[in-house]
Amino acid sequence: MDAIELGIVALKCLVIVAVLLTGFAYTTFLERKVIARMQQRLGPNRAGPFGLLQPAADGVKLIFKENITPVGVDRFVYFLAPIVSMVVAIMAFAVMPVADPITVTIGGQVREIRFQLADFNVALLYVLGITSLAVYGLVLAGWASNNKFALIGGLRSAAQMVSYELAMGVALVSVVLVVGSLSMNDIVDWQVAKGLPLIVLQPVAFGIYAITAIAETNRAPFDFPEAEQELVAGYHTEYTGMRFALFFMAEYINMITVSGLAATLFLGGHHLPFVERFTGNLPWFVDIGVFLAKVILALFLFIWIRATIPRLRYDRLMAFGWKVLLPISLANLALTAVVIAFLAR
Amino acid sequence: MMEMLAFGLVAGVAVGGAIGVVAARNVFVSALWLVLSFIGVAGIYAILGADFLAATQVLIYVGAISVLILFAVMLTHHVMGDERSNNRQAFLAFIVSSSVVAALGVLAYRTDWPIRPADAGGSVVTAMRGDLAGSSAASTAAQTGASTALTSTVDLALNQDSNVVRLGQALMTEHLLSFEIISLVLLVALIGAIVIARD
Amino acid sequence: MLADYAPLVVLLAFAVGLGVIVMGLAHFIGPRSPSPVKDQTYESGMTAIGGAQRRVPVRYYLIATLFILFDIEVIYLYPWAADFRNLVAKQGFGALGGMAVFLGILLVGYVYVWREGALEWD
């Protein structure tokens, strides 16, 4: 690993952080606009054309807000929690491939540049592992805030996230069974080689992934950690200004990540598996566009679901995770394994 | 050089986290330092080339067991304030833990680590890779098996030296019995957890 | 091998840096005028009674325990799944049977947990 390679890595990291931040800002905008339309309203439309500058205005406003540190908080943990949330959200994106690699010549040397920060054999487990850390930001915030609403919100979210993580883990095993690899690129390449996205072969796994992804990101109808009618603002009740913004950022970046994962695992990633049979491999900038389109589609679904489905009751939520999703995902796994065993024998 | 640097970093995180565990005044914060220490250990596994083990360390120890520890702390203690976890047994604990460290150190020093010199630079760290993935016989068998299977489907470039595949192979062949016993142990733990929680 | 993970460390540095910068911005730019009433924890306008660090129900502990046990089970599924075609080619349905026994034993545990009512949330 030489200096140029390190420079490329640093540049990639910068791009990832910048794109995720922009993505976060405009996902909030998209959400407000779409929900407004679904409720026969206009949504933000004052700042800039069509209200496009609204996220920037929100950001500036948040910076100039007063930061209140309530009495009795554990200061170390209180300040740590939002940073943990945000860092974990950004880290999960590291293994996402967004386009085919290109080769460029830098200083007389031919180098391959991948549109992906890192890929290794256990990339899928890495994503699962990192997303399982998201629970810490919430539990820490809940515990440190010295607020009963925050504590209950943090605890609930922890129990909810671990419960749904199980079903997600089992559902993704079915994907690994079909493809035979845990590497993101292998999974995408497999879908291209076979000419069909995995959602066709594994609709049940996709359904379970979609549901658990919503629960893991604490989005409606699974938004218990911050159920405003009962818990004020849940785990971030005592956070103001930019500290609150970090939690907000983490939530939306997590949405982008799980959407990207859905695109990669089930929708053919940055390729169009069926179409590319006729057109051949598309150039890298089209790849990025394809990936982006799939992510935005998934984000739209997130928002649509939020506008449509009311929040569950907490006991129903836990029962749904343990008694419905887990058995279904196990049954899907067993079926997949049996079918593959018959086909491969 | 790079490896030494990386090892220094993750070992520092692991040891620093461990020191934080004993130094923190609050049990909850101690548990958080333990999380950092676990992450450092995951880094050590990654450096040793045991990628699956590293991911498992994060998923199980950091993502699950530490959450349980946090819950346990919140369940049992009045955790706010400066309740020192030091007590009269501190000296005893020191003796026990330092003798464990000494025993492990002697063991690590006297064990004849199989070093394969031809492996990427020939450093000790890289040479230990294969042994973590299982016995060398199993891994070579898995490798040849894996490559035949792969050529028949799609060319999966990364998979060829994956120790995930080797581990799967080892679990289902020569370690099948231990593998099934693991599930029995988990079952016993499950029943135990229910019985304890009910009382 | 090591170069695979180095980018993660760089990204971690970037992410932590961003977090610290944002927290710093909030600290230095935002106005501050604390008052005893404002600094109280928010309990919907009521004066807070007692601290919030109190003992949590045992339910959460139980759920976390169950999660660990089933999570370990799920982890073991991955190496098996990644190598499944190969295993089938070698052992036929034995590859299926080995995992079926493993899951079957745990399924007994799952049924036990369900019947004991540990999955109910009252």
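Refer to the structure presented above.
All of the points below concern the structure found in this document.

Procedures and definitions
- Residues numbered from 1 in each chain as written.
- Chains lettered and ligands numbered in written order.
- Predicted model: local features only at pLDDT ≥ 70, side-chain atom pairs only at ≥ 80, totals over all residues.
- Helix = DSSP H or I, 4+ residues; strand = E, 2+ residues; numbered from the N terminus.
- Buried ≥ 20, exposed ≤ 12 C-beta atoms within 10 Å, placed from the backbone.
- Contact = placed C-beta atoms within 7 Å.
- Nonpolar A, V, L, I, M, F, W, Y, C, P; charged D, E, K, R; others polar.
- Core = buried A, V, L, I, M, F, W, Y, C linked by C-beta atoms within 7 Å.
- Domains from an automatic or database assignment.
- Axes fitted to C-alpha atoms, helices over the stretch in contact; angles between N-to-C directions.
- Parallel < 35°, antiparallel > 145°, perpendicular 65-115°, else oblique.

### Things to note about the overall build of chain B
Logical step 1: Scanning chain B from N- to C-terminus turns up nine helices and zero strands.
Logical step 2: Mapped from its N terminus to its C terminus, chain B presents α and β elements in the order α-α-α-α-α-α-α-α-α.
Logical step 3: Buried positions account for 34% of the 199 residues belonging to chain B.
Logical step 4: When contacts within chain B are restricted to residue pairs at least 6 apart in sequence, long-range pairs at least 24 apart make up 58% of them.

### Quick word on the overall build of chain C
Logical step 1: Per the secondary structure count, chain C includes four helices and zero strands.
Logical step 2: Tracing chain C from N to C terminus, the helices and strands come up as α-α-α-α.
Logical step 3: Counting only residues that meet the buried cut, chain C has 42% of its 122 residues in that class.

### Here's the deal with helix α7 (residues 184-194) of chain A
All names here are of chain A.
Logical step 1: For α7, a buried count of nine out of eleven residues is recorded, marking the element as mostly surrounded by other parts of the structure.
Logical step 2: Every buried residue belonging to α7 is among Met184, Asn185, Asp186, Ile187, Val188, Asp189, Trp190, Gln191 and Val192, and all of these are buried.
Logical step 3: Immediately downstream of α7, the backbone of Gly195 shows phi near 75°, a positive value.

### Let's talk about the interface of chain B and chain A
Logical step 1: Listed by partner, the interface residues are 20 residues for chain B and 27 residues for chain A.
Logical step 2: Elements with a minimum of two residues in the side of chain B that touches chain A: α2 (27-47) and α3 (51-76) of chain B.
Logical step 3: If one sorts the elements of the side of chain B that touches chain A by residue count, α3(B) sits on top with ten residues.
Logical step 4: Of the residues belonging to the side of chain B that touches chain A, the class tally is 15 nonpolar, four polar and one charged.

### Thoughts on unusual backbone geometry
All names here are of chain A.
Logical step 1: Of note in the backbone geometry, Phe50 takes a positive phi value of approximately 55° without being a glycine.
Logical step 2: Along the polypeptide, Phe50 turns up in the loop between α1 (3-38) and α2 (54-63).
Logical step 3: Among the residues examined, Phe50 registers 13 C-beta atoms within 10 Å and is labelled partly exposed.
Logical step 4: Positive phi is not limited to glycine here, since Asn218 has a value of about 55°.
Logical step 5: Within the fold, Asn218 resides in the loop between α9 (203-216) and α10 (228-231).
Logical step 6: A residue is classified by how many C-beta atoms lie within 10 Å of it, and Asn218, with 25 of them, is buried.

### Remarks on the nonpolar core
Logical step 1: Residues A:Val176, A:Tyr209 and A:Ala262 are the most contacted members of the largest nonpolar core, which totals 200 residues.
Logical step 2: When residues of this core are assigned to domains, at least three fall in each of domain 1 (1-80) and domain 3 (134-199) of chain B.
Logical step 3: The contact partners of A:Ala262, leaving out residues within four places of it in the chain, are A:Tyr209, A:Ala210, A:Ala213, A:Leu267 and A:Ala298.

### Topic: the interface of chain A and chain C
Logical step 1: Listed per partner, the contact involves 63 residues of chain A and 57 residues of chain C.
Logical step 2: Those elements that provide at least two residues to the side of chain A that touches chain C are α1, α3 (75-91), α6 (148-179), α11 (241-266) and α14 (314-344) of chain A.
Logical step 3: The leading source of residues in the side of chain A that touches chain C is α6(A), at twelve residues.
Logical step 4: Of the residues that constitute the side of chain A that touches chain C, the class distribution is 45 nonpolar, ten polar and eight charged.

### Considerations on the environment of B:Val165
Logical step 1: Tracing the sequence through the fold places B:Val165 in helix α8 (residues 163-172).
Logical step 2: Between the alpha carbons of B:Val165 and B:Phe52 there is a distance of 9.7 Å; along the sequence they are 113 residues apart.

### Structural notes on the packing of α1(A) against α11(A)
All names here are of chain A.
Logical step 1: Direction vectors running N to C along α1 and α11 enclose 100°, while the axes themselves pass 9 Å from each other. As the angle between them shows, α1 and α11 are arranged roughly perpendicular. Taking contact as the criterion, the partners of Leu20, Gly23, Phe24, Thr27 and Thr28 in α1 are, on α11, Met249, Tyr252, Ile253, Met255 and Ile256.
Logical step 2: When the residues that make up the contact of α1 with α11 are grouped by side-chain class, the tally is seven nonpolar, three polar and no charged.

### So, the environment of A:Ile328
Residues and elements named next belong to chain A.
Logical step 1: Following the sequence through the fold, Ile328 ends up in helix α14.
Logical step 2: Classification of Ile328 by C-beta neighbours within 10 Å gives partly exposed; the count is 18.
Logical step 3: Along the chain, Ile328 and Ala205 lie 123 residues apart, while their C-alpha atoms are 9.0 Å from each other.
Logical step 4: Setting aside residues no more than four positions away along its own chain, Ile328 makes contact with Val204 and Ile208.

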